[in-house]
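So the chains spell out like this:
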Amino acid sequence: MTLKVRILPCGLLIPLIFLTGAISAQPWSERVQDLIKNMSIEEKVGQMTQLTVDMLCEGEPYAITVPFKISEEKLEKAVIQYGVGSILNVPTGTYPGVEAWHQILTTIQDKVQESANKIPVLYGLDHVHGLSYIRGGTLFPQPLGLACSWNTSLAREMAEITAYESRAAGVPWSFSPAMDICRNPVWPRLWESYGEDVYINTVMGKATIEGFQGRDLSNKTSIAACLKHFTGYGLPLSGKDRTPAWIPERYLREYFLPQYQASIDAGALTIMVNSGEINGIPTHADKQLLTDILRHEMHFEGLLVTDWQDIHYLYDRHKIAHSLKDAVRIAIEAGIDMSMTPVSYDFADLLVELVKEGTISESRIDLSVGRILMVKEKLGLFETTHFPVTDYPEFGSERNQEISLQGAVESIVLLKNKNDILPISKDVKVLVTGPTANTQRSLNGGWSTTWQGEGADQYLAEFPTILRGVEDLIGRDLVQYAEGASIDEITDMDLALQKANEVDYIILCLGELSYTEDAGNINDLNLPDAQLELASELAKTGKPMIVILAEGRPRIIRQLAPNSAAILCAFYPGPQGGNALAKLIFGDENPSGKLAITYPQYANSYTPYDHKYTEDRDVMNSGLSFNPQFEFGFGLSYTSFEYSNLQLHNSEVSAVENLQVSVDVKNVGEREGKEVVSLFISDLVASITPPVKRLRAFEKIILKPGESTQVIFELPVQDLAFVGPENRWVIEPGDFELHVGPLRQKFRVK
Ligand code: BGC
């Protein structure tokens, strides 16, 4: 059969081209142009340098004196001698409040006023799920949990609050959102972005950017977003952090660029580079990706910052540079604007040398400096670097905590509910047990008060753990507690078993503590033996067991699932997670989360929902084909929804039309509930083996018992394009199938 290929004419859909010409100068404002004219090479390179705040503190980086103190001598060196453009991070071992942040910012920006050009410093923090590093600020579910809410309005609102509270502390730049789709669930940063699907990452990321940046970045409630980590970081072959990825161009274009393109189109001002390597090329050295594709094809005009120390790593980790100086040259030639050095001045010294000896042209660094100054200008930093705290009465407010609670509730997914055992009544006796029952670490993950999140129990003690959430809701008298096991060792199992015999229900809390990056690497996705043993012994008591998975990635639960009466999955729901889980278990809230990642049944069998038809083949009925524990998009409710009347405006459409799809959804249960109505589409035959289906749209609705509504989707047929044999986006005429809930309908693209 011959297939007619239609090549699409827009943006991202351009074939790969290798542009080598000079990068055109940007239309900078007069202020920026004048500054560039007046700056020395050293000052320009200073702007391209980003230090960690420890470099300004007394003591050594990573081992500063406590309480931290800004050293006048180090400040002078950073801000006056080197004129650094940006500073990041929280002083090691501290968790400053708004006032303390104001002091840090004031000290730095006042010093700037003593410099020749008085260019404000751009300060950045990792607000990965709300205010990671600002005491008293609001924290929300981590991105994977948020993705499981399938609620983009919530994502936007959380980002607005984050921007407001961050500006309250004087910090105008956040290193988020991460948009690395993840297809290796063992990867320790899976939970930092929005799961396995491109579309969810696209819409959640876009909502977050809109929430951060608002309409006007200079507004005192807006901050600059930083998309990360461009791109392909989420697919390390080994699953270990920052290890090699092998991503063919076709796959890269279809799965790793569209979410970034949508965010660039939404105005994202800055991007951070992937610390790993793709096809043998460290991304920080990849000119084709960082310049030819990102700048020329995707039209990104903002600031491109390295990740932590990544120029150094080109030399001393990746081994593609003969010297550090060579590494600086390679990264600049690849297209980076700012180096997160962040604990040395080598980058600045070496780049000055490279420019002075003519290896790197001054016009090349002007381009980066222009982008950096443009970001500062858009943020209004030349006018005001930070506003009075009194301008922010809603900082850490109760209302913001309510949004955090709503986010937590909607992020949690009910995966099993045998005989509708949940919700349970509030007058029963329960045992709360397991390693994640009484800690905030398992509810928050990394980037929570400290980088690895280990500070959460100390600093977030005012928020209930799961145990306390249950106690607060039904009263302490009805609740027993025994840890039973830590994450990987049996502790007081006998006590747990004894108490289990005295109660009506067991609430068994399993999963993981907090981690990120290398510290979160594991060798095995299975739950540690101690947790499985605890589950198996508790099951023998015959008491109904409600399992809570508080974790950052889908640890394997195949062995314990059959023995559980109910299973709730909480991918780091944030500090309100304990409250949210209690409300869901005892019926104050109705679950509405749906998995944003396929939950595998075996450690080595993870296959995403949009796998190929060959992966569905069950040869000899072996059970070895696609066999997840729970499918992407799955999640139960305490009510039920009925789908009917799936309509498509025309069963034959052209590639330039919009598909108009409608479906009726009715709440046929007895309580109000939220439902995610999702539209998947299958391309039935294509020249590149098609995935069994792709998510193309969704809407979250709320219905009272007996109520029904019509949900309408309008979708450009162009959204059905894929990257074809020539590595170009194409739509091939032929047969397609829509899936909405249990309903299906075929149509033809002419
Ligand atoms: C992480 C980034 C983070 C940066 C700054 C790096 O180690 O990979 O995600 O934004 O540190 O804290």
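That block above? That's the structure.
The sections below set out a description of the structure shown in this document. What you see is a predicted model; the values in this text were computed from it and never measured.

Here we look at the site of the ligand
Turning to step 1, where the next piece is worked out: Contacts to the ligand come from 13 residues, most closely from Asp126, Arg189, His229, Arg242 and Asp307.
Turning to step 2, where the next piece is worked out: Arg242 places a side-chain nitrogen or oxygen 2.8 Å from an oxygen atom of the ligand.
Turning to step 3, where the next piece is worked out: In this structure, Glu517 approaches the ligand through a side-chain N or O atom, which is 2.9 Å from an oxygen atom.
Turning to step 4, where the next piece is worked out: Out of a free accessible area of 310 Å², the ligand has 96% covered by protein chains.
Turning to step 5, where the next piece is worked out: Counted by class, the shell around the ligand contains six nonpolar, one polar and six charged residues.

Some words on the state of the cysteines
Turning to step 1, where the next piece is worked out: If you walk through the whole model with that rule in mind, you get zero disulfides.
Turning to step 2, where the next piece is worked out: The structure places no disulfide on Cys226, whose sulfur is separated from the nearest cysteine sulfur, that of Cys182, by 19 Å.
Turning to step 3, where the next piece is worked out: Take Cys226: its relative accessible area is 0%, and that puts it in the buried class.
Turning to step 4, where the next piece is worked out: Not engaged in a disulfide, the cysteine Cys569 finds its nearest cysteine sulfur in Cys148; these two sulfurs lie 6.4 Å apart.

Some details on the environment of Glu192
Turning to step 1, where the next piece is worked out: Topologically, Glu192 is positioned in the loop between strand S7 (173-174) and helix H7 (198-213).
Turning to step 2, where the next piece is worked out: Taking the relative accessible area as the measure of exposure, Glu192 reaches 3% and is therefore buried.
Turning to step 3, where the next piece is worked out: Sequence separation of Glu192 and Lys77 is 115 residues, and the distance between their C-alpha atoms is 35 Å.
Turning to step 4, where the next piece is worked out: Not counting residues up to four positions away in its chain, the partners in contact with Glu192 are Pro143, Ala178, Trp447 and Thr516.
Turning to step 5, where the next piece is worked out: Only 2.5 Å separates the side chain of Glu192 from the side chain of Thr516, close enough to count as a polar contact.

A few points about unusual backbone geometry
Turning to step 1, where the next piece is worked out: Pro67 follows Val66 through a cis peptide bond whose omega is -5 degrees.
Turning to step 2, where the next piece is worked out: You will see that His299, though not glycine, has its phi angle at about 60 degrees, which is positive.

Quick word on the packing of aromatic side chains
Turning to step 1, where the next piece is worked out: This model, assessed by the stated rule, comprises 22 aromatic pairs.
Turning to step 2, where the next piece is worked out: Both rings, one in Trp150 and one in Phe698, keep their centres 5.0 Å apart while their planes meet at 70 degrees; by these two values the pair is edge-to-face. Within this pair, whereas Trp150 is found in the loop between helix H5 (143-149) and helix H6 (152-168), its partner Phe698 is found in strand S24 (residues 694-703), the two being separated by 548 residues in sequence. Neither Trp150 nor Phe698 differs from the other in exposure class; each is buried.
Turning to step 3, where the next piece is worked out: When the centroid spacing of 5.0 Å and the interplanar angle of 90 degrees are considered together, the rings of Phe230 and Tyr260 count as edge-to-face. With Phe230 in strand S8 (residues 226-230) and Tyr260 in helix H9 (residues 258-265), the pair connects residues that are 30 residues apart, well separated along the chain.
Turning to step 4, where the next piece is worked out: Owing to a relative accessible area of 0%, Tyr260 belongs among the buried residues under this scheme.
Turning to step 5, where the next piece is worked out: Put simply, the rings of Trp150, Tyr199, Tyr609, Phe632, Phe680 and Phe698 pair up and form one aromatic cluster.
Turning to step 6, where the next piece is worked out: Lying across the ring of Trp447, Lys228 places its NZ or CZ 5.5 Å from the centre.

The rules behind these values
Residues numbered from 1 in each chain as written. Predicted model: local features only at pLDDT ≥ 70, side-chain atom pairs only at ≥ 80, totals over all residues. Heavy atoms only, no water. Near = heavy atom within 4 Å. Polar contact = N/O pair within 3.5 Å; in protein donor to acceptor, adjacent residues only side chain to side chain. Areas by Shrake-Rupley, 256 points an atom, 1.4 Å probe, with all protein chains shown as cover. Nonpolar A, V, L, I, M, F, W, Y, C, P; charged D, E, K, R; others polar. Disulfide = S-S within 2.5 Å. Buried < 20%, exposed > 50% of the residue type's maximum accessible area, 1.4 Å probe, protein only. Helix = DSSP H or I, 4+ residues; strand = E, 2+ residues; numbered from the N terminus. Contact = heavy atoms within 4.5 Å. Phe/Tyr/Trp six-rings, centres within 6.5 Å; stacked < 30°, edge-to-face > 60°. Lys NZ or Arg CZ within 6 Å of the ring centre and 35° of its normal.

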